[in-house]
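Residues per chain, in single letters:
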Amino acid sequence: QLVQSHCVTCHGDGKEGAPRIDDFGAWKPRLQKGMDGLLKSAISGHKAMPARSGMASLSDTDLKNAVTYMVVQSATYKAKP
């Protein structure tokens, strides 16, 4: 729900270089430090993305779940025929 209501704003179309939810190739370099490294970037902010995606009250668990969901979706994305 968080991804659909908030994260997709940037990760849906790759706004300002955000890796798109449907593009694992864009996530792959970000995963070089593993999921923990990716989560650390999401918590502290990265380039145009503010810390905790601009949601100061967002818990580490919710943020981790959102990041994990987007990575899994990108890796399993299948274009509609």
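The structure presented is a predicted model; accordingly, all values stated were derived computationally and were not measured.

Caption draft 1: Representation of unusual backbone geometry in the model. For Arg52, which is not glycine, the phi dihedral falls at a positive 50°. Along the chain, Arg52 falls in the loop between α3 (34–44) and α4 (60–76). Although it is not a glycine, Ser53 sits at a positive phi angle of roughly 55°. For Ser53, the location among the structural elements is in the loop between α3 and α4. Ser53 gets classed as buried once you look at its relative accessible area, which sits at 18%.

Caption draft 2: How the structure looks around α3. Residues of α3 that are buried: Gly37, Leu38, Leu39 and Ala42. Residues of α3 that are buried make contact with α2 (24–27) and α4. Backbone geometry just after α3 places Gly45 at a positive phi near 100°.

Caption draft 3: Examining α4 more closely. When the terminal C-alpha atoms of α4 are compared, their 24 Å separation across 17 residues agrees well with the 24 Å that a helix rising 1.5 Å per residue should span. Of all the residues in α4, the buried ones are Leu63, Ala66, Val67, Met70, Val71 and Ser74. When α4 is viewed along its axis, its buried side chains cluster within an angular range of 125° and face the same direction. The inward-facing, buried residues of α4 abut α1 (2–11), α2 and α3.

The rules behind these values
- Residues numbered from 1 in each chain as written.
- Predicted model: local features only at pLDDT ≥ 70, side-chain atom pairs only at ≥ 80, totals over all residues.
- Heavy atoms only, no water.
- Helix = DSSP H or I, 4+ residues; strand = E, 2+ residues; numbered from the N terminus.
- Buried < 20%, exposed > 50% of the residue type's maximum accessible area, 1.4 Å probe, protein only.
- Contact = heavy atoms within 4.5 Å.
- Expected span 1.5 Å × (residues − 1).
- Arc of directions from axis to C-beta.

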